[in-house]
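# Summary of structural features
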Amino acid sequence: MPLDLAHILALQQKPAPFTPGERQFWDDPHISAQMLSAHLNPNNDLASRRPATIERSVEWLASVLSLQPGDAVLDLGCGPGLYAARLAQRGLAVTGVDLSPRSIDHAIGYAQENGLEIEYRCMNYLELDEVDRF
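## Considerations on the pattern of salt bridges
One pass over the structure, following the stated rule, counts 7 salt bridges. Of the charged contacts in the structure, one is a salt bridge between Glu 119 and Arg 121, with a shortest N-O distance of 2.7 Å. Between Arg 121 and Glu 130 there is a salt bridge, with its nearest N and O atoms 2.4 Å apart. Given the relative accessible area of 28%, Glu 130 is considered partly exposed.

## Observations regarding the nonpolar core
In this structure, Leu 67, Leu 87, Leu 92, Val 94, Leu 116, Ile 118 and Tyr 120 are the most contacted members of the largest nonpolar core, which totals 19 residues. Going through the elements one at a time, α4 (51–64), α5 (82–89), α6 (101–113) and β3 (118–122) are the ones with two or more residues in this core. In terms of residue count, the dominant contributor to this core is α5 (5 residues). Not counting the four nearest positions on each side in its chain, Leu 116 is found in contact with Ala 85, Ala 88, Gln 89, Tyr 110 and Ala 111.

The rules behind the values
- Residues numbered from 1 in each chain as written.
- Predicted model: local features only at pLDDT ≥ 70, side-chain atom pairs only at ≥ 80, totals over all residues.
- Heavy atoms only, no water.
- Salt bridge = Lys/Arg side-chain N within 4 Å of Asp/Glu carboxyl O.
- Buried < 20%, exposed > 50% of the residue type's maximum accessible area, 1.4 Å probe, protein only.
- Core = buried A, V, L, I, M, F, W, Y, C linked by side-chain atoms within 4.5 Å.
- Helix = DSSP H or I, 4+ residues; strand = E, 2+ residues; numbered from the N terminus.
- Contact = heavy atoms within 4.5 Å.

Structure follows, in structure tokens:
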């Protein structure tokens, strides 16, 4: 099979903004394991913020949005549920959406272990079709 330089050059081009990516990236066993590990590492801000920063962010959201127990909140790109869990601990009705099966599995397990009722969906949030629920 000859080397297709035109194809190689095409792969190096930057996509247009908001071009859908490859779902396979989030399903890849090695990549998704590394991403989850980075999200859960409390000592850096590489994928998710440190726990203290997450706490401050959730406090700010609850305050600025005047969130009350029972209010419905949508966490788009929720990853392993670090924000969703803290919002649910405040009594909010949280739905988390993420494209990574590994992150969603982790989030579901954490919620179950901690008695948190959170609806998690493994899907592209651009395909979410609910209106006026959150």
